[in-house]
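Each chain is listed here by its residues.
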Amino acid sequence: KKKKKKKKKKKKQLEVKKKKNVHRTAAPVDSTAGDWEWWEAYWNKNSPDTDPNIPIDEEEGFKFFFRVSKKTFEYICSLVREDLISRPPSGLINIEGRLLSVEKQVAIALRRLASGDSQVSVGASFAVGQSTVSQITWRFIEAMEERARHHLRWPDAAQMERVKSGFEALYGLPNCCGAMDATHIVMTLPAVQTSDDWRDQQNNYSIYVQGVVDSDTRFLDLVTGWPGGMPLSRLLKFSGLYSLCESGLRLNGNPKTLSHGEQIREYIVGDSSYPLLPWLMTPHQIDDGVDDEEDEDSVEGLLIPALESARSAAAEAFSLLKGAWRILGKVMWRPDRRKLPSIVLVCCLLHNIVIDRGDRLNPCDVNLSGHHDAGYGVGTRVCLQIDPAGKLVREKLSQHLV
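Small disclaimer: the values here were computed from a predicted structure and weren't measured.

A word on the environment of Ala310. Here Ala310 shows up in helix α11 (residues 299-324). Ala310 sits in the buried class, given a relative accessible area of 0%. The spatial distance from the C-alpha of Ala310 to the C-alpha of Glu168 is 9.4 Å, given a sequence separation of 142 residues. In contact with Ala310, other than residues within four places in its own chain, are Phe167, Tyr171, Leu173, Ala179 and Val269.

Here we take up the nonpolar core. Most often, soluble globular proteins have nonpolar side chains that are buried together. Core analysis: the biggest nonpolar cluster contains 108 residues, and Trp38, Phe66, Phe73, Val106, Leu113, Phe140 and Met144 have the highest contact counts within it. Of all the elements, helix α12 (residues 340-356) adds the most residues to this core, at 11 residues. When residues of this core are sorted by domain, at least three fall in each of domain 1 (38-150) and domain 2 (154-284 + 299-401). Once residues within four sequence positions are removed from consideration, Met144 is found in contact with Ile76, Leu79, Val80, Arg149, Val346, Leu349, Leu350 and Ile353.

Turning to the confidence of the model for the protein, a few remarks are in order. One rule of thumb: low pLDDT means the predicted coordinates there are not for detailed reading. Summing up the model confidence of the protein, the mean pLDDT is 86 and the portion of residues at 70 or higher is 82%. Taken element by element, the protein is modelled with least confidence in helix α1 (residues 2-25), mean pLDDT 54, and with most confidence in strand β6 (residues 267-269), mean pLDDT 98. With pLDDT under 50 throughout, residues 19-33 is counted as low confidence; its partners more than four residues away or in other chains account for 19 contacts. Within the model, the stretch residues 291-297 combines pLDDT values under 50 with seven contacts to residues more than four positions away or in other chains.

Another aspect to go through is the packing of aromatic side chains. Enumeration according to the criterion identifies 25 aromatic pairs in this entry. For the ring pair Trp36 and Phe62, a centre distance of 5.7 Å and an interplane angle of 65° mean the geometry is edge-to-face. Pair noted here: Trp36 is in the loop between α1 and α2 (37-45) and Phe62 is in helix α3 (residues 58-66), with a separation of 26 residues, a long-range link. Taking the relative accessible area as the measure of exposure, Trp36 reaches 19% and is therefore buried.

Under the definition given, this model contains 15 salt bridges. Put simply, Glu58, Glu59 and Lys70 are held in one network by salt bridges that share partners.

Where burial is concerned, most of strand β1 (residues 176-188) is hidden: 12 out of the 13 residues are buried. With two bridges joining them, β1 and β6 adopt parallel strand pairing. Residue pairing for β6: Cys176 is matched across the bridge by Tyr267. Two strands pair when backbone bridges link them, and β1 and strand β2 (residues 205-213) are joined in this way by nine bridges, in the antiparallel orientation. Within the sheet, the bridge partner assigned to Ala179 lies in β2 and is Val213. With two bridges connecting them, β1 and strand β8 (residues 332-333) associate as parallel partners.

Here the focus is helix α14 (residues 388-401). Along its 14 residues, α14 runs 20 Å from first to last C-alpha, staying within 8% of the 20 Å computed at 1.5 Å per residue. Among the residues of α14, those classed as buried are Gly390, Val393, Arg394, Lys396, Leu397 and Ser398. The backbone nitrogen of Ala389 lies 2.8 Å from a side-chain oxygen of the residue at the head of α14, namely Asp387.

About the cut-offs
Residues numbered from 1 in each chain as written. Predicted model: local features only at pLDDT ≥ 70, side-chain atom pairs only at ≥ 80, totals over all residues. Heavy atoms only, no water. Helix = DSSP H or I, 4+ residues; strand = E, 2+ residues; numbered from the N terminus. Buried < 20%, exposed > 50% of the residue type's maximum accessible area, 1.4 Å probe, protein only. Contact = heavy atoms within 4.5 Å. Core = buried A, V, L, I, M, F, W, Y, C linked by side-chain atoms within 4.5 Å. Domains from an automatic or database assignment. pLDDT = per-residue confidence, 0-100. Phe/Tyr/Trp six-rings, centres within 6.5 Å; stacked < 30°, edge-to-face > 60°. Salt bridge = Lys/Arg side-chain N within 4 Å of Asp/Glu carboxyl O. Pairing = 2+ DSSP bridges. Expected span 1.5 Å × (residues − 1). Polar contact = N/O pair within 3.5 Å; in protein donor to acceptor, adjacent residues only side chain to side chain.

Here it is, written out as structure tokens:
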């Protein structure tokens, strides 16, 4: 009899649990497109009256907080809506028994990435808890990583022609396919995870982000996750970009005939920390054994400023990236190193989406006070590796500029 009673009791408990689970999964999802109630509450709570730095105009205020216009915000919601509805983070049910709307979830994630403020601070501004901000932000990153990848890919032949036209028009460099630079993402690590492999020349723990951009500062290629203390030349050789270019699978388009009749292949430009290669032009001085003093009209005198100016497009892109998505510019507190590259990628995707959608951000909101990699001796490091074939390409460029 006791055994039977116990079985009946267990059966009832299981039935109660099942009913509870059914009730939870049946919570209505607030999936209505264009839910802006959250914004009215947020704007009233964070109006210009509370902070003189917030723009008076509501549209500009929206960009100030989320780095995108309302139209671009709706577009981002459309990208992740299906994922956030079909696989919502657990426990995101408000006091009315409804899941947080997709719009409010996207706003929370964008604010966390744009401000770099703590999860507690971001949660307080939206009246949600720290764990909710954490869950929403990571779920948003996963969805964007899957749904928005088409905003960051290597250009096809037609798109590359537009990229090359932009560099030639702005910097006078024919057949140039991009500019490359790198920046550090600084982080703190738990004592059990500290390692000299991740300690950089400024004694910080950091990872590298290397990107190739077009003349509009739009990212075309991205490499991240490698320790910030390694030389840039080594980082380059570990990248997929290097293996693709060395094997002839990238930067393999038609050569261009220059003004003096010579032909030049496709290439990108990088700073002096990179090696001079047939497909990578760098601005550092090459010692050709000639003792004559270089003047402003000399070959090197024309080429070096052109290469440095073109490379500045990449430096500007990283400044805009870290200025707009400030989570990358602040010290990351004990991040999961496996997840950190995904955060970087999504910030770069958002950077490209802003450009693709024609948004114009207020420079005051996204300008950095200094260089995007301040304190790392940018421009002082010189890689002495010179490929003879790269030197030949550089000489052709020099003659063309003369």
